[in-house]
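Fold and contact review
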Amino acid sequence: MTNPDSARSRIEELRTEINHHNYRYHVLDSPEISDAEYDSLIRELKQLEEENPQFLTPDSPTQRVGAPPVEAFGVVEHPVPLLSLGNVFTEEELENWYSRTVKLTGDVPFDFVGEHKIDGLAVALTYVDGQLITGATRGDGFRGENITRNLRTIRSLPLLVPKDAPPRFEVRGEVYLSRPGFEKLNRDRTAEGLPLFANPRNAAAGSVRQLDSRITTRRPLDIYIYMLGWAEGKSLPHTHWEMLDYLKSIGFKTNPNNRRLKDIEAVKQFYQTWEENRESLPYEADGIVFKINQLNLHDELGDIGHEPRWAIAYKFPAVQGTTRLNDIGISVGRTGTLNPTAILEPVSVGGVTIKNAALHNEDDIRRKDIRIGDTVIIQRAGEVIPEVVGPIVSQRTGKEKEFSLMDRLPKNDRGQPVCPSCGKTSIVRPEGEVMYYCANAACPAQLQQRIEHFTSRGAMDIRGIGENLSATLFEKGLVRDIADLYCLKDKKEELVNMEKLGEKSAENMLEAIEKSKQRPLGRLIYALGIKHVGSETAELLAGHFRSMKNFLNAKSEDFQNIESIGPITAESIIDFLKQEENRDIIHRLESAGVFPEEQAAISPGELLLSGYEFVVTGRLEAFSRSKAEARIKELGGSAKGSVTRKTDYVVAGSDPGSKLTRARELGIKVLDEKQFLEMLEKKQ
DNA sequence: CCGCCTCGAGTTCT
DNA sequence: CTCGAGGCGG
């Protein structure tokens, strides 16, 4: 048994030491001891405190580990309200703010501080006699929730500050989850089968509002202090920049990316730099906050409404938005897949109004726990295709409905689910697969999309027949299958009578159809739309069989020797060729004059790019990406869509994407357009 | 049998 | 771009 006096002094020693290491680790990012050593200090302190509970105080570092649930949060009044910030979205609006400010300040010179506007949660922290007493959310700006217990678990937040700090003061900061912290949290939640957080902001807000702070302690929250709220009894710096420095000196963590900016040009420059590089930050930021550096001007400028005139948030263009998921629709794909699509309350994201978004499949919807009626977060993946990231669970009303594809399908008289296009009950979900299919090969949606696929760019490339026209031709009964396209020239009258199609465009279309008769065999095989046979496999088959006649007579043993065609793809091809309707279509194509050029036998090593793998990325001057890829293939090389270890050259045009980054990582030779053209010249 | 790598298929809006 | 799944090598 330890004697109480020595226990007490050891406890104090340990607390000082642990606080010091917390500061080194969490604020300065330069620990002096290993995690294991740190843990052993914590364990020793915990044990002493358990043996001597009379010495246990709320500011002990052991108290960060969380306390049992509380009934509810108390309310905290903010003596000085936490205002919100005015927003600007363009440089013009920023300039307007600046000139208004200059008018108000007259001749007094000033400069700025730029700070990232981190997507987190604003909090106010009150310290009395060096101790953290309360931590509160912003709330409505005047009154917030008391979340002291949860904020105490944030390791970079000092529970104690030095004696020379003001006796009473409040600092304000942003609580946030770093991107890696957020990803790890979601990984853990996946493992535990819990619903995922949609984004770091949501996860941070949810963590801080936990009733059980033992849960909060397991969340990797962090905090940057960005200003002093108020202080009593000490004279403090006169500029914001020096104030940040001072706050740092008494133990608070400030954002190392903060900068002092001498004029409005520097302000614009700072914004530009980070708008371009925001993805590289370890946290999510939705803009930059610019503050006037001179604190005396803050008082002079004052507030307008609930916004200070001395600061402004210059927001990045939104890449995410929230809206209501009104419904989940089901469309039928070319291969019969039943695809769920989100029907959204229209919302503008990145300057584009989004009404629909991809939802992939039923399992994915379940995994993300997306329900009809939810408020959802949407984003444009890779800045292009909108997708539903996830629901905002805290905004549920209880009226949301879970989605079940089978239940959502239309029903026949006997209440059985049917395909939304053909109305047949042939809905299947193959063992082990994620997608549902309509197994009816005569399903109109499928027939029409097969025509569309046939005419598409990568297939027979018939210009002028796209989604709309192929649908109309099909509905009018003019084209029931792909072979009918070549009979259209005898139905010119009906064509022109159709709305939306003038004489001239009808002629152009017929001409394009004629031209398509000469497409190479690989294109034709791809255009047939055989399951598991995409452009690559079609090309491979064309090289192997060399004529439509050989291909039609293919037996299952013929596929055994073809590299990269396995039993499933082989079976799918055999199955396709066995069907009478398909053979009939191919014969009708032939009699209409669709005679693809016979493919030359592959002679490896003969051509000068043979055996080399290329990936083309970015925009080229001399030709389109697909032309460049075609040229590579003509010369015997291969052109792939993604960079792997096997890639030999990456051809990078202007605005290259992540592929160039990956190429650098893997140390793959990168050619610019000029070098690429030189190579083509040389190799001819 | 598992973990790559590739390929296929579907997706939004102007 | 994304996800799922086929093919194949370890």
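Throughout this description, residue numbers start from 1 for each chain and increase along the sequence as written. Naming scheme: in the order in which they are written, chains are lettered from A and ligands are numbered from 1. Local features in this predicted model are restricted to residues of pLDDT 70 or higher, and side-chain atom pairs are both shown and tallied only at a pLDDT of 80 or more, whereas totals for entire chains, interfaces and linings draw on every residue. Heavy atoms from the whole structure form the basis of all side-chain values; hydrogens and water molecules are not counted.

**Things to note about the nonpolar core**
Of all hydrophobic cores here, the largest spans 48 residues; its most connected members are Phe-454, Leu-488, Leu-541 and Leu-589. Looking at this core, the elements that each hand over two or more residues are helix H13 (444-455), helix H14 (467-475), helix H16 (503-515), helix H17 (521-527), helix H18 (535-545), helix H19 (548-552), helix H20 (567-578) and helix H21 (580-591). Helix and strand assignments follow DSSP, with helices taken as H or I runs no shorter than four residues and strands as E runs no shorter than two, numbered in order from the N terminus. Broken down by element, this core gets its largest block of residues, five residues, from H17. Joining through side-chain atoms within 4.5 Å is the link that ties buried Ala, Val, Leu, Ile, Met, Phe, Trp, Tyr and Cys residues into a set, and such a set is a nonpolar core. When accessible area is computed with a 1.4 Å probe and restricted to protein chains, residues below 20% of their type maximum are described as buried, those above 50% as exposed, and intermediate ones as partly exposed. Counting residues in each nonpolar core, the second largest holds 33 residues, with Ile-147, Ile-154, Leu-247 and Ile-250 among its members.

**Remarks on the pairing of strand S7 (residues 168-177)**
Of all ten residues that make up S7, nine are buried, and the element is covered over most of its length. Two strands form a pair only when DSSP identifies at least two bridges running between them. Note that strand S4 (residues 121-128) and S7 share eight bridges and pair antiparallel. Bridging from a neighbouring strand, Leu-121 pairs with Val-175 of S7. Alignment of S7 against strand S8 (residues 221-232), held across ten bridges, turns out to be antiparallel. From the neighbouring strand, Glu-170 faces S8, where its bridge partner is Trp-230.

**As for the packing of H20 against H21**
For any two helices packed against each other, one specifies the crossing angle of their axes together with the interaxial distance. Angles here are taken between N-to-C directions and fall from 0 to 180 degrees, while the axes themselves are lines fitted to C-alpha atoms, restricted in helices to the stretch in contact. Relative to each other, H20 and H21 sit at 75 degrees, their axes nearing to 5 Å. Compared by their axis directions, H20 and H21 come out roughly perpendicular. Together, Phe-576, Leu-577 and Lys-578 of H20 and Glu-580, Asn-582, Arg-583 and Ile-586 of H21 make up the contact between the two elements. Class assignment of the residues belonging to the contact of H20 with H21 gives a composition of three nonpolar, one polar and three charged. With respect to orientation, any angle under 35 degrees is reported as roughly parallel, any angle over 145 as roughly antiparallel, any angle of 65 to 115 as roughly perpendicular, and every other angle as oblique. Whether two residues are in contact is decided by their heavy atoms, any of which lying within 4.5 Å being enough. Classification convention: Asp, Glu, Lys, Arg as charged; Ala, Val, Leu, Ile, Met, Phe, Trp, Tyr, Cys, Pro as nonpolar; all other residues, Gly among them, as polar.

**Some points on the pattern of salt bridges**
The term salt bridge refers to a side-chain nitrogen of Lys or Arg lying within 4 Å of a carboxyl oxygen of Asp or Glu. Here the structure, examined in full by the defined rule, presents 33 salt bridges. The closest approach of N and O atoms between Lys-117 and Asp-286, which form a salt bridge, is 3.8 Å. Separated by 169 residues along the polypeptide, Lys-117 in strand S3 (residues 112-118) and Asp-286 in strand S10 (residues 285-292) bring together distant segments of the chain. Accessibility expressed as a relative area gives 22% for Lys-117, which makes it partly exposed. For Asp-286, a relative accessible area of 18% translates into the label buried. In this structure, the salt-bridge partner of Asp-369 is Arg-396, at a minimum N-O distance of 3.3 Å. Of this pair, Asp-369 sits in the loop between helix H11 (362-367) and strand S17 (371-372) while Arg-396 is found in the loop between strand S19 (385-391) and strand S20 (401-402), placing the two residues 27 residues apart along the sequence. Neither Asp-369 nor Arg-396 differs from the other in exposure class; each is buried. A single network of salt bridges, built from pairs that share partners, joins Glu-91, Glu-95, Glu-265 and Lys-268.

**Some details on the protein's contact with DNA strand B**
It suffices for a single heavy atom of a residue to lie within 4 Å of a molecule or strand for the residue to be listed as near it. Every one of the 26 residues lining DNA strand B counts as a neighbour, but Lys-355, Gly-534, Thr-537, Thr-644 and Arg-645 are closest to it. Taken together, the sugar and phosphate atoms account for 93% of what DNA strand B places within 4 Å of the protein. For this analysis, a polar contact is any N or O atom pair within 3.5 Å, provided that within protein one partner can donate a hydrogen and the other can accept it, and provided that sequence-adjacent residues contribute only side-chain to side-chain pairs. In this structure, a phosphate oxygen belonging to DNA strand B sits 3.5 Å away from a main-chain N or O atom of Ser-535. Between a phosphate oxygen of DNA strand B and a side-chain N or O atom of Thr-537, the distance comes to 2.6 Å. Where the surface near DNA strand B is concerned, the elements lending two or more residues are strand S15 (338-349), strand S16 (352-358), S19 and H18. With six residues, the top contributor of residues to the surface near DNA strand B is S16.

**A look at the protein's contact with DNA strand C**
Taken together, 15 residues are adjacent to DNA strand C, and Glu-433, Val-434, Ser-564, Gly-566 and Thr-569 come closest. At the protein interface, 100% of the atoms of DNA strand C within 4 Å belong to sugar or phosphate. One of the side-chain nitrogen or oxygen atoms of Asn-361 is found 3.3 Å away from a phosphate oxygen of DNA strand C. Here a phosphate oxygen of DNA strand C sits 2.4 Å away from a polar atom, N or O, in the main chain of Ser-564. A class-by-class count of the residues in the surface near DNA strand C yields five nonpolar, seven polar and three charged.

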